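Residues per chain, in single letters:
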Amino acid sequence: MMESQIKAIHQKLVKKEISCSDLVKEKLNLLKPNTHNTVNSLLEDYALALAIKVDEKIANGETIGLLEGIPFGIKDVYMLKGTYTTASSDLLKNYKSAYTATAIQKLLDVGAIPIVKENCDSFGHGSSSENTIFGAVKNAINPELVAGGSSGGSAVNVAKEFTVFSIGGDTGGSIRQPAGYNGIYGLKPTYGRISRYGLMAYASSTDCVGPIAKSIEDIRIVLNVMSGKDVKDQTTYVSEPITEETIASNGSVKSVGYFKNFIKSEAIDPKVKSDFISVVEKIKAKGIKVKALDFFKSDTLVSTYYTLAMAETASNLSRLDGTNYGNRIEGDNLKDSYSITRSKNFSEETKRRIVGGNQVLSQGFSDEIYLKGLALRDQISRNFEDDFNEVDVIISPVTPGTPPKIGDSLKDPLAMYLSDAYTVGFSLGQLPTLTVPQGTETGLQITAAKDNDELVLKFANFLKDTI
Amino acid sequence: MSKIMTVDVLSSIKGSKPSEAVSKLFDVIKNAHPSNNSTFNSNHNKAVSIDDLREDVVIESSATERQIIKDNFPKEKNGYLVVSKVIEE
């Protein structure tokens, strides 16, 4: 398995084996042909200007930080002042950020260099990165298959080493699932660990910012930089940096749980199932207690997640009416302009979710569906609390099956929703969950209790040496 | 005022209709039996403390910021930013 790319490149820069300008140019040249439809816009001039400054520092004998001069990618839902931020949508295809997201600003502050805004499902609405005006993102391992989503462009760029790391967004699995589909690491941190300020909101109560990278160490480095309380996002909290030493060796994980019904499910691919069972056996062989846990049925998890996410996205996207920004299409009057603008500029999937959200929020429906959804979510959270009294971490497959062919998912939205069965529960629980590229063809998820992101990384290091 | 509003009006999306796939998700919720159907007592203390509130100060936008906001505006005429005609109902 790969060791830290960030550290390796940092050493090369310090030893003057490569200049930062050449490094950035090399990555830009890899991105330019856009072989996998990962690129929404390249930040060529911006990135090269920053690279020259890093080279000047090195030439002057100044010390550079670990992330200084490291080229990275940004899912095209994050604000970066002066750059296009399209959310892969027609509505915002010419929209420029007027400010910079907190998480991205923190990376800029330590000298990391953004080189690309990355393709994704429009507004995060999808699990395949096909719901985009920039063309379906192609899987890094087999380009006939989907990249996964919604952070598909980011995952593929990392897998192909077009970027050293990328910043994705995860609302119901949008970092973890494409990481699994492309054989790399992707972390959804505990909700609130990283500020959402400047992330275009999809479902605010589960939206998480997270790193995608080729090693656990790089995930750790980038996570530490982005974490922290932010007055601009009142759901953030103070967290301690995670050190390399604390996650180096396993000693604290004595018991591991997994959900029985995930494995017994009819929907699971037989190979994913048998591979997962053999992971469980290998963990047991190391003297760790493994416990099969009861959990909610997959369709309950998926329905609860989508009900709440649709309600939240209907509210969040109501601001997109073409008045102050966006691709306005004029109608006879203001209201007409709103509804034509939104009808012509939102994708079918986005409209499906907005309409669904407004259905559950409307009078008569809200008690029967939305409030019940909230109650189910509370119950799911309590279930997790009980589980983590019994086990230290929970492992699960990332997806029931392998990536579908490009073109197949859009035909059947319900099947796409159901394919999120293993990721959405941890989103509702706001729990730290990491995809590791091991165990099954689409990887494994490691989950711990809230704010125990450290244990997740620690167990990932243990698994790396174990399976 | 009680008026039935259709989803296309509620959503401000011309011609939009409820979808079958989404209705199937809702059916699962309708048929579920949460152990406790009240969310009013489980606020998890999410309220923000007064000490954590932002300072109540006006922050001036920079010149570039203002320019970007103007550039993003969909329509301009003779130096004015133009909105759609507002109607009274």
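Above this text you will find the structure in question.
Residues numbered from 1 in each chain as written. Chains lettered and ligands numbered in written order. Predicted model: local features only at pLDDT ≥ 70, side-chain atom pairs only at ≥ 80, totals over all residues.

A. Expanded view of the overall build of chain A. Counting its secondary structure elements, chain A contains 16 helices and 11 strands. Taking 467 residues into account, the globule formula puts the C-alpha radius of gyration at 23 Å, and chain A, at 21 Å, falls close to it. Along the first, second and third principal axes, the C-alpha set of chain A runs to 70 × 65 × 45 Å. Evaluated residue by residue, chain A yields a buried proportion of 61% over its 467 residues. (Helix = DSSP H or I, 4+ residues; strand = E, 2+ residues; numbered from the N terminus. Rg over C-alpha atoms; globule rule 2.2 N^0.38 Å. Buried ≥ 20, exposed ≤ 12 C-beta atoms within 10 Å, placed from the backbone.)

B. Main features of the overall build of chain B. Each helix and strand counted, chain B has three helices and two strands in total. Each helix and strand of chain B, placed in order from N terminus to C terminus, yields the pattern α-α-α-β-β. Out of the 89 residues in chain B, the part that is buried amounts to 13%.

C. Representation of the interface of chain B and chain A. Taken together, the contact pairs 43 residues of chain B with 54 residues of chain A. When residues of the side of chain B that touches chain A are traced back to their parent elements, those giving at least two are α1 (7-11), α2 (20-30) and α3 (63-72) of chain B. If you tally residues by element for the side of chain B that touches chain A, the top one is α2 of chain B, at eight residues. Looking at the side of chain B that touches chain A residue by residue, the classes come out as 20 nonpolar, 14 polar and nine charged. (Contact = placed C-beta atoms within 7 Å. Nonpolar A, V, L, I, M, F, W, Y, C, P; charged D, E, K, R; others polar.)

D. Quick peek at the nonpolar core. Residues and elements named next belong to chain A. Counting 143 residues, the largest nonpolar core has Tyr-185 and Val-393 as the members making the most contacts within it. Among the elements that make up this core, the one with the highest residue count is helix α10 (residues 298-316) (nine residues). Discounting chain neighbours no more than four positions away, the residues touching Tyr-185 are Ala-179, Ile-212, Ala-213, Lys-214, Ser-215, Ile-216, Ile-219, Leu-434, Thr-435, Val-436 and Pro-437. (Core = buried A, V, L, I, M, F, W, Y, C linked by C-beta atoms within 7 Å.)

E. Broad picture of the sheet that holds strand β2 (residues 71-75) of chain A. All names here are of chain A. With respect to topology, 11 strands assemble into an open sheet ordered β1-β3-β2-β4-β6-β5-β10-β11-β9-β7-β8, the strand pairing being mixed. Taken across any chain shown, the strands that pair with only one partner, and hence form the sheet edges, are β1 (39-42) and β8 (289-293). Strand-to-strand twist across the sheet, computed as the mean angle between neighbouring axes with direction ignored, equals 25°. Across five bridges, strand β4 (residues 165-170) lies against strand β6 (residues 208-213) in antiparallel orientation. In the strand pairing of β6, Ser-166 is matched with Ile-212. (Pairing = 2+ DSSP bridges. Axes fitted to C-alpha atoms, helices over the stretch in contact; angles between N-to-C directions.)

F. Looking closely at helix α1 (residues 5-14) of chain A. Residues and elements named next belong to chain A. Listing the buried residues of α1 in full gives Ile-6, Ile-9 and Leu-13. Take α1 and look down its axis: the buried residues cluster within an arc of 75°, on one side only. On its buried side, α1 packs onto α2 (20-31), α3 (44-59) and α7 (216-226). One or two residues past the end of α1 sits Lys-16, with phi positive at roughly 60°. (Arc of directions from axis to C-beta.)

G. Highlighting unusual backbone geometry. Residues and elements named next belong to chain A. Note the cis peptide between Gly-149 and Ser-150, where omega equals 15°. Along the polypeptide, Ser-150 turns up in the loop between β3 (113-118) and α5 (152-159). A positive phi angle is found at Ser-88, which is not glycine, with a value near 50°. The topology assignment puts Ser-88 in the loop between β2 and α4 (102-109).

H. Looking closely at the environment of Lys-81 of chain A. Position of Lys-81 of chain A among the secondary structure elements: in the loop between β2 and α4. Once you skip the residues sitting within four places of it in the chain, Lys-81 of chain A turns out to touch Ser-97, Ala-98, Tyr-99 and Thr-100 of chain A.

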